[in-house]
Amino acid sequence: MSKKLQVTLIKSSIGFEQSQKDTVRSLGLRRIRQTVVHNDTPQVRGMIAKVIHMLKVEEIEA
């Protein structure tokens, strides 16, 4: 089974750098408490690491 990451936006990106806003948007998150599921890849892990202070991340089995 491949691992997946469930990513939830828990804090607004208002007041943060534009690059962080763009990263949140590229993860597919638009609203607070919105949840998306991504494959566990190094690219996604890197995006999450950049904005971890705004996210809640859980590993799930798919």
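Calculation rules
- Residues numbered from 1 in each chain as written.
- Predicted model: local features only at pLDDT ≥ 70, side-chain atom pairs only at ≥ 80, totals over all residues.
- Heavy atoms only, no water.
- pLDDT = per-residue confidence, 0-100.
- Helix = DSSP H or I, 4+ residues; strand = E, 2+ residues; numbered from the N terminus.
- Pairing = 2+ DSSP bridges.
- Axes fitted to C-alpha atoms, helices over the stretch in contact; angles between N-to-C directions.
- Salt bridge = Lys/Arg side-chain N within 4 Å of Asp/Glu carboxyl O.

1. Quick word on the confidence of the model for the chain
Piece 1. With 98% of its residues at a pLDDT of 70 or more, the chain has an overall mean of 96.
Piece 2. Averaged over each element, pLDDT in the chain is lowest for strand β3 (residues 55-61) (95) and highest for helix α1 (residues 18-26) (98).

2. Quick word on the sheet that holds strand β2 (residues 35-39)
Piece 1. With antiparallel pairing, 3 strands are arranged side by side in an open sheet as β2-β1-β3. Two strands lie at the open edges of the sheet, namely β2 and β3, each paired on one side alone. For this sheet, the mean angle separating the axes of adjacent strands, direction not counted, is 25 degrees.
Piece 2. By the bridge criterion, 7 bridges tie strand β1 (residues 3-9) to β3 in an arrangement that is antiparallel. Note on β3: the bridge partner recorded for L5 is E59.

3. Overview of the pattern of salt bridges
Piece 1. Tallied over the entire structure, the rule returns 4 salt bridges.
Piece 2. Here K3 ties to E59 by a salt bridge, and the two come within 3.6 Å at their closest N and O atoms. One end of the pair, K3, is in strand β1; the other, E59, is in strand β3, and 56 residues separate them in sequence.
Piece 3. Here the residues in one salt-bridge network are K3, D40, R45 and E59, joined through shared partners.

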